[in-house]
Amino acid sequence: MHKLTAGRRVFLVFNCVALAVMAIACILPLINVLAVSMSASSSAAAGEVKLWPVNFTMASYKHALGKAEFMTAAFVSVQRVALGYVISIVVTVLTAFPLAKEKRAFGSRTVYAWFFIVTMMFHGGLIPSYMTIKALGMLDTMWALVLPGALSVFNVILLMNFFRNLPKEIEEAAYIDGAGHWRVLWNIYCPLSKPAIATITLFMIVGHWNSWFDGLIYMNSPANYPLQSYLQTIVIGNDPSMIPTNELLDISKISDRTFKAAQVFLAAFPVLVLYPFLQKYFMKGLVMGSVKG
């Protein structure tokens, strides 16, 4: 085992301290949001809440979770994540696989690759997108939320570069044994690409779960809003005159700040639960899928 030099020790110490500081900088705001969401409205308004709840109360969470509209929107978001993920991962794998081939195996690979890359730099804009969705009859349907962004070019590039790093000998041996392209893709490439697939899975799920703007644009009925779109309308358009009398007592215990904090944490919670299970694949998939052009 090589002995560490003084310079190497200094680098390791500096690196650990820097990473610890960045980790704390990421965690503390989330802890503050959680503390605010569990504090009394007067304490939050007075700025007394730091990293621990003051005058602990769960009124904000009870108010959010007790509304039928909230649960309906949450169910729409779950549907969106499930359907959107399945569609996105299938089209991403099917796009990345041929683009990962060498030019002698797929002569038009460069043309198709540039076709996708151009879409990352140029976009038709909001109005043409809306007119397209309307012309296709997808307004106020789940398809308007999952189809327009089903194929992310960034995810395609990440997975394509990962595919290129896999040993070609395995693929050639499979072809010699009589396997076709579909069997090579699903039985060889996909199992060997778990780190990259786990990485883009995280991107896809977080993207669908956190998206709110398309819900406001493409959904005519509030009953079809995904969770983030519903929460956005509550934050922006909460009208006290429209609140039922039997809810006024509960609302008096919360404030706009505590309610927003509760919504932020509720929206972030599913991702916080999911991330630890995918974290071991995340860095490997991100690095191996980005270093080779």
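## Points about the overall build of the protein
If you tally the helices and strands in the protein, you get 15 helices and zero strands. Within the protein, the proportion of its 293 residues that are buried is 37%. A sequence separation of at least 24 residues applies to 73% of the contacts in the protein between residues at least 6 apart.

## Observations concerning the packing of helix α4 (residues 68–99) against helix α10 (residues 181–192)
It is at 12 Å that the axes of α4 and α10 come closest, and there the two elements cross at 105°. Between α4 and α10, the crossing angle belongs to the class labelled roughly perpendicular. Judged by residue contacts, Val-93, Leu-94 and Phe-97 of α4 engage His-181, Trp-182, Val-184, Leu-185, Trp-186, Tyr-189 and Cys-190 from α10. Of the residues belonging to the contact of α4 with α10, the class tally is nine nonpolar, one polar and no charged.

## Thoughts on unusual backbone geometry
The backbone of Asn-55 shows a phi angle near 55°, a positive value even though the residue is not glycine. Looking at where Asn-55 falls in the secondary structure, it is placed in the loop between α2 (41–45) and α3 (59–65). Positive phi outside glycine occurs at Asp-140, with the angle close to 65°. Secondary-structure assignment places Asp-140 in the loop between α6 (126–135) and α7 (143–146).

## A few points about the environment of Leu-216
Mapping Leu-216 onto the fold places it in helix α12 (residues 213–218). Owing to a relative accessible area of 28%, Leu-216 belongs among the partly exposed residues under this scheme. Once the C-alpha coordinates of Leu-216 and Ser-229 are considered, the two residues, 13 residues apart in sequence, prove to be 6.0 Å apart. Setting aside residues up to four positions removed in sequence, Leu-216 forms contacts with Tyr-225, Ser-229, Gln-232 and Thr-233.

## Topic: the side chain of Ser-229
As for its placement among the helices and strands, Ser-229 is situated in helix α13 (residues 227–237). What Ser-229 contacts, discounting residues up to four positions off in sequence, is Trp-212, Gly-215 and Leu-216.

## Structural notes on the layout of surface pockets
By volume, the largest pocket is sized at about 1000 Å³. Lining the largest pocket are 33 residues, and of these His-123, Pro-148, Gly-149, Ala-150 and Leu-151 sit closest to its centre. When residues of the lining of the largest pocket are traced back to their parent elements, those giving at least two are α4, α5 (109–121), α6, α7, α8 (153–165), α11 (194–210) and α12.

## Regarding the environment of Thr-199
Tracing the backbone through its elements, the reader meets Thr-199 in helix α11. Classification of Thr-199 as buried rests on a relative accessible area of 0%.

## Quick notes on α10
It helps to recall that an α-helix has 3.6 residues per turn; residues three or four apart then point in one direction. With 12 residues, α10 ought to run about 16 Å at 1.5 Å a step, and its terminal C-alpha atoms sit 15 Å apart, in line with that. The complete set of buried residues in α10 reads Val-184, Leu-185, Ile-188, Tyr-189 and Cys-190. Turning to α10, the residues buried within the fold contact α4, α8, α9 (168–176) and α11.

## Examining the packing of aromatic side chains
What the rule picks out here adds up to nine aromatic pairs. Here Phe-97 and Phe-163 contribute two aromatic rings whose centre-to-centre distance is 6.5 Å and whose plane-to-plane angle is 85°, an arrangement assigned as edge-to-face. Residue Phe-97 is located in helix α4, and its partner Phe-163 is located in helix α8; the two are separated by 66 residues in the primary sequence. Exposure remark for Phe-97: the relative accessible area of 8% places this residue in the buried category.

## A short note on α5
Relative to the 18 Å expected for 13 residues at 1.5 Å per residue, α5 spans 19 Å between its end C-alpha atoms, a close match to the ideal helical length. Looking at α5, one finds that the buried residues are Arg-109, Ala-113 and Phe-116. Along the axis of α5, the buried positions cluster into a sector of 70°, meaning they face one direction only. Of the exposed residues in α5, the ones pointing more than 90 degrees away from its buried face are Val-111, Trp-114, Phe-115 and Met-121. In this fold, the buried residues of α5 make contact with α4 and α8.

## Concerning the confidence of the model for the protein
With 86% of its residues at a pLDDT of at least 70, the protein reaches an overall mean of 82. At the level of individual helices and strands, the protein shows its lowest average pLDDT in helix α14 (residues 245–251), which scores 51, and its highest in α7, which scores 94. Predicted confidence for residues 239–243 stays below pLDDT 50, and this span has three contacts to residues more than four positions away or in other chains. In the predicted structure, residues 289–293 sits below a pLDDT of 50 and forms 11 contacts with residues beyond four places in sequence or in another chain.

Conventions we followed
Residues numbered from 1 in each chain as written. Predicted model: local features only at pLDDT ≥ 70, side-chain atom pairs only at ≥ 80, totals over all residues. Heavy atoms only, no water. Helix = DSSP H or I, 4+ residues; strand = E, 2+ residues; numbered from the N terminus. Buried < 20%, exposed > 50% of the residue type's maximum accessible area, 1.4 Å probe, protein only. Contact = heavy atoms within 4.5 Å. Axes fitted to C-alpha atoms, helices over the stretch in contact; angles between N-to-C directions. Parallel < 35°, antiparallel > 145°, perpendicular 65-115°, else oblique. Nonpolar A, V, L, I, M, F, W, Y, C, P; charged D, E, K, R; others polar. 1 Å grid on protein atoms, 1.4 Å probe; cavity = no way out; pocket = protein on both sides within 12 Å on 5 of 7 lines; lining within 4 Å. Points joined across faces, edges and corners; volume = space filled by probe spheres on them. Expected span 1.5 Å × (residues − 1). Phe/Tyr/Trp six-rings, centres within 6.5 Å; stacked < 30°, edge-to-face > 60°. Arc of directions from axis to C-beta. pLDDT = per-residue confidence, 0-100.

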